[in-house]
Amino acid sequence: MAEVYYVGVDVGTASVRAALVTRDGLLKTTAEEPITIWKPQPEHYVQSSTEIWQKCCTVVKEVTSGVQRSQVRGIGFDATCSLVVLDKNFQPVPVTQEDDPQKNVVMWMDHRAAEQAARITNTGHRVLSRVGGVMSQEMQPPKLLWLKENLKESCWDKAAHFFDLPDYLSWKATGSITRSLCTLVCKWTYCPPDGWDSSFWTSIGLEDLLENNFSKIGSMTCPPGSPLAEGLTPEAAADLGLNPATAVGASLIDAHAGGLGVIGADVQGFNLPGEGLPITSRMAMICGTSTCHMAVSEQPLFVPGVWGPYLSAMVPGLWLNEGGQSATGRLIDHIVEGHAAYTQLQEHVNQRLARVPFIGANIYTYLNSHLALMANSHSAVDLLGSSLHVWPDFHGNRSPLADPALKGMVIGLSLSQTLDDLALLYLGTVQALALGTRHILEAMKEAGHDIRTLFLCGGLSKNPLFVQIQANATGLPVVLPNQTEAVLVGAAVLGACASRDCRSIQEAMENMAQVGRVVQPDQELQSFYERKYKISSLFYILLPFPVRITSAVLTLSFPLIGAEEAAAYIPKIKAARLFADAAYRPAS
């Protein structure tokens, strides 16, 4: 009997990828195409839904070119939680002042709606309890409100359909306007089984969305992986190079697809603390441009500063909590590429490749090996970060502080700008991101989660230093999938479920998610990270200072201090903050 396959399509921040996946989760072929990002103004990031669909078609045709169409049993889409705007004829509506209709997607990382998000938070509406008490500017309500207030004639009045990007792809494939519970619950405030809360939309000035039973934002919903309509329409099938009526599963946000691709793996025989425990003891981390921290529970758990609980948003029947960091891979790139020694780093990498070419070589493999040389064989690389400390919220804090206005900070810089200094700053940034994960874990634990193991996937999971430091800083083992593209496996799981070859998402996850490698924490570094974490806890107090006070306070050095010494700093800093408030408060 001929092998059967499922296609997973992943629309990330900067590219579209597809994979042809077997019934046991092995990737047979993959393809990738870049997509355009425009930045018309600061904090504005936009894309084109037309271009995105075209690139989807290109990569699907490429990965399926070597098999018979009849062998492809189903297809699933995941994408970033970006906002797509279409008119009554399903044509693009511009979301920029340039009035270019092709630029009709407000990207997930677009922060134009910060002021609208703050206003929504200030309403204190009951729906906010399911988003950690704070409305993020990365969710759709503030973006919708911004469009109404700033582009009313050119966009809002013409718009007839507002799609989350994953649902837009499902509509293009099937013609169905049924929305996935994943998108509507996680990013739009929809709450099953009750549905939309009319009072919320009215309270924030978007009462016009109530018209025609919420037709503009979705009146029909289904769980992820549910078969949509009659499968691929003839037009979509021709575009994708597949058979009409090929099953299409209701879509997922990209991070949630990564969760499906890893969190259900069988861990028997790997000597993990969570062996024999349900998947509620696991956290999936999807680490790329940003990072999502996803944990499920049997009962709803409310975690301040963490999104959720969301029923059936990832795994049907379970409640999802979703923490995150708005900039991780993007932050590391920003730190490294902005350093004075970056050109020197590139030259060293090119020279090494000229001498000894090898697959996977890049600036980060070079930096990792450079740090190992700096540490020598007698000490851990981690210890090089003893006197350099980074607060990583250069793009705000998504969780658990839920403060989009926060900025980054570095303590311990000197006038030196050598390659060694660049490597140390890179290390400090990776450590800071891992300590951010620890902060999220502690917030979840306090609310009732019992996380024993981390499951990582995404681009940063291919960086061994990043993975090891996540384990070391949290004290938890890290499981890596045997397929490096777990997000694509998760998308293919949707197609497998929709094809009815699997009875449920859970069965498809167990069949297709496989453990590749386990990374254990270095227990000898536990006290190091305990002290480093205490230092990072001081940063949040420092951040709000006026510039003059900040400059003075930052002359303090923060060596790796003990708990009592760390605690002793706090009243001093609070006193300095009170002085700052009094000294620089505008005269009445």
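In the nomenclature of an unreviewed UniProt entry, the protein chain is known as FGGY carbohydrate kinase domain-containing protein of Ataeniobius toweri.

J.: If you had to explain the overall build of the protein chain to someone new, which residues and values would you point to?
T.: Looking only at helices and strands, the protein chain has 20 helices and 20 strands in total. For the protein chain, whose C-alpha radius of gyration is 24 Å, the value lies close to the compact-globule estimate of 25 Å for 588 residues. Principal axes of the C-alpha set define a box for the protein chain whose edges measure 65 × 65 × 45 Å. Scored against the burial criterion, the 588 residues of the protein chain give a buried share of 59%.

J.: So what's going on with the side chain of Lys-143? Which residues, and what values?
T.: For Lys-143, the location among the structural elements is in helix 3 (residues 140-150). Engagement of the side chain of Lys-143 in a polar contact is seen with the backbone oxygen of Trp-108, the distance being 3.3 Å. Sequence-distant contacts of Lys-143, that is, excluding residues within four places in its chain, are made with Cys-81, Leu-83, Val-106, Met-107, Trp-108, Asp-110, Ala-113, Gln-137 and Glu-138.

J.: Quick one: what's the story with helix 11 (residues 329-337), residue by residue and with numbers?
T.: Three or more residues of helix 11 are buried, namely Gly-329, Leu-331, Ile-332, Ile-335 and Val-336. Along the axis of helix 11, the buried residues cluster in a sector spanning 160°; they form a single face.

J.: Which residues make up the sheet that holds strand 14 (residues 307-311), and what values do they have?
T.: As summarised here, the arrangement of the seven strands in space is 14-15-13-12-18-19-20, forming an open sheet in which the pairing is mixed. The open sheet terminates on both sides in strands that have one partner only, identified here as strand 14 and strand 20 (515-519). Averaged over all neighbouring strand pairs, the angle between strand axes comes to 25°, with direction disregarded. Pairing analysis gives five bridges linking strand 12 (residues 282-287) to strand 18 (residues 453-457), with the strands arranged parallel. Across the sheet, Ile-286 pairs through a bridge with Cys-457, a residue of strand 18. Strands in contact with helix 15 (residues 464-474) are strand 12, strand 18, strand 19 (478-481) and strand 20; relative to strand 18, the strand with the most contacts, it is inclined by about 160°.

Calculation notes
Residues numbered from 1 in each chain as written. Predicted model: local features only at pLDDT ≥ 70, side-chain atom pairs only at ≥ 80, totals over all residues. Heavy atoms only, no water. Helix = DSSP H or I, 4+ residues; strand = E, 2+ residues; numbered from the N terminus. Rg over C-alpha atoms; globule rule 2.2 N^0.38 Å. Buried < 20%, exposed > 50% of the residue type's maximum accessible area, 1.4 Å probe, protein only. Polar contact = N/O pair within 3.5 Å; in protein donor to acceptor, adjacent residues only side chain to side chain. Contact = heavy atoms within 4.5 Å. Arc of directions from axis to C-beta. Pairing = 2+ DSSP bridges. Axes fitted to C-alpha atoms, helices over the stretch in contact; angles between N-to-C directions.

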